[in-house]
Amino acid sequence: MAAPRASVRPLGTVTRGTTNPNRLRRMDRWIAATHGAALRRAPSPVAVDLGYGAAPWTAVELLARLRTVAPRVRVVGVEIEPARVAAAKPYEREGLTFRHGGFEVPVPERPTLIRAANVLRQYDEAEVADVWARLCARLAPATSDSRCTFGGTLGGTPGGDFGGGLLVEGTCDEIGRRHVWVALGPEGPRTVTFATRLGSLDRPSDLAERLPKALIHRNIPGEPVHAFLRDFDRAWAGAAPYASYGARQRWIRAVRDLTADWPVTDGPTRWRQGEVTVAWGALAPRR
């Protein structure tokens, strides 16, 4: 799929541009661990940092972290504000470039990865499905006949890897202690990941304020994400005796208890990082 012509007006609106070094480290580590093999398999892997903000730190860091697992990967930072692109140009190097654009993703290749962190925060919930569909359509295609379905429960697979590219869209706090993101393939949403610095957490539902736009207004009784966070808080309280061994052991115990009722798709290796990933279908908004 050819990149849009430079004369085409970028799709989207300018964000606040807030950024800080290491803000997206938790998301980057997860991407490297779960999508590194796909990046290595790709003939010419391209990762897009969409909406990197007023400074290019997140794109610079993404290249460094991905190259530990996929040495041939290239990163393209895309920003809708021309002045931000101009300010980032001095940071270009082998494997790292910056371009003016938006949701059309102006790169000639189908990206193996698109990361969009804190981009949809200012949009309306009703706009999310269209943005997801547009971005997923730009991903490297899946190797199966899976359909991309955006609407209703936004069907995907419970943690399965269909191949092809990956879209990671989510929200974090200003210094990256708390983060929630949705992972999507060309076929649609797959999983939701909750990640935190455990020492900053009083209870798992503290992460509710960082839910991505598709879920943040659904944290109300009757919605699956509200039920999940309620059950997570209960499991956390039940795991209180493990606190004497540290917050990590308490988190692992709580997540292990959650697996009895919720489709957790990862295991203790990721839980030890202060993460838990759940199949999208279990948390998807109800109509």
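One can find the structure itself at the top, above this paragraph.
Cut-offs used in this document
Residues numbered from 1 in each chain as written. Predicted model: local features only at pLDDT ≥ 70, side-chain atom pairs only at ≥ 80, totals over all residues. Heavy atoms only, no water. Helix = DSSP H or I, 4+ residues; strand = E, 2+ residues; numbered from the N terminus. Buried < 20%, exposed > 50% of the residue type's maximum accessible area, 1.4 Å probe, protein only. Core = buried A, V, L, I, M, F, W, Y, C linked by side-chain atoms within 4.5 Å. Contact = heavy atoms within 4.5 Å. Axes fitted to C-alpha atoms, helices over the stretch in contact; angles between N-to-C directions. Parallel < 35°, antiparallel > 145°, perpendicular 65-115°, else oblique. Left-handed = near helix turned anticlockwise from the far one by under 90°. Nonpolar A, V, L, I, M, F, W, Y, C, P; charged D, E, K, R; others polar. Salt bridge = Lys/Arg side-chain N within 4 Å of Asp/Glu carboxyl O. Pairing = 2+ DSSP bridges. 1 Å grid on protein atoms, 1.4 Å probe; cavity = no way out; pocket = protein on both sides within 12 Å on 5 of 7 lines; lining within 4 Å. Points joined across faces, edges and corners; volume = space filled by probe spheres on them.

**Observations regarding the overall build of the protein**
- Helix and strand content of the protein: nine helices and eight strands.
- Residues classed as buried in the protein amount to 54% of the 287 residues present.

**Here we look at the nonpolar core**
- Grouped together as the largest cluster of nonpolar side chains are 54 residues, with contacts concentrated most on Trp132, Phe194, Phe228, Trp251 and Val276.
- Of the residues forming this core, the biggest block, seven residues, is contributed by helix α6 (residues 224-238).
- Not counting residues up to four positions away in its chain, the partners in contact with Trp251 are Phe194, Thr196, Leu198, Leu201, Leu207, Phe232, Trp236, Trp271, Gly274, Glu275 and Val276.

**What to know about the packing of α6 against helix α7 (residues 247-258)**
- Contact pair α6 / α7: the axes reach a minimum separation of 8 Å and the direction vectors enclose 125°. Here α7 runs oblique to α6, going by the angle between their axes. At the point where α6 passes α7, the crossing takes the right-handed sense. Along the contact surface, α6 presents Phe228, Asp231, Phe232, Ala235, Trp236 and Ala237, while α7 presents Ala247, Arg250, Trp251, Ala254, Val255, Asp257 and Leu258.
- Looking at side-chain class alone, the contact of α6 with α7 contains ten nonpolar, no polar and three charged residues.

**A short note on the pattern of salt bridges**
- Considering all chains together, one arrives at 18 salt bridges under this definition.
- A salt bridge links Glu109 to Arg74; the nearest nitrogen and oxygen atoms lie 2.9 Å apart. Here Glu109, found in the loop between β3 (96-100) and β4 (113-117), pairs with Arg74, found in strand β2 (residues 74-79); they are 35 residues apart in sequence, far enough to count as distant.
- Overall, Glu109 belongs to the partly exposed group, its relative accessible area being 24%.
- Between Arg210 and Glu174 there is a salt bridge, and its shortest N-O distance comes to 3.8 Å. Pair noted here: Arg210 is in the loop between β7 (188-196) and α5 (213-216) and Glu174 is in the loop between β5 (166-172) and β6 (178-185), with a separation of 36 residues, a long-range link.
- Here Glu174 falls in the partly exposed class, since its relative accessible area comes to 38%.

**Focus on the pairing of β6**
- Most of β6 is tucked away, with eight of its eight residues classed as buried.
- Of the two faces of β6, the one lined by Arg178, Val180, Val182 and Leu184 and the one lined by His179, Trp181, Ala183 and Gly185 are each fully buried.
- Connecting β5 to the antiparallel partner β6 that follows it, the hairpin turn spans five residues, and Gly176 within it adopts a positive phi of roughly 75°.
- Across eight bridges, β6 lies against β7 in antiparallel orientation. Bridge pairing links Leu184 to Pro189 in β7.

**Digging into empty space enclosed by the protein**
- Counted by the stated rule, this structure contains one cavity of 30 Å³ or more.
- Estimated volume of the largest cavity: approximately 90 Å³.
- For the lining of the largest cavity, the class distribution of residues is seven nonpolar, six polar and one charged.

**A short note on the layout of surface pockets**
- In this structure, the largest pocket occupies an estimated 320 Å³ of space.
- Thr18, Arg23, Ala117, Asn118 and Val119 are, among the 22 residues lining the largest pocket, the residues nearest its centre.
- Residue composition of the lining of the largest pocket, by class: six nonpolar, ten polar and six charged.

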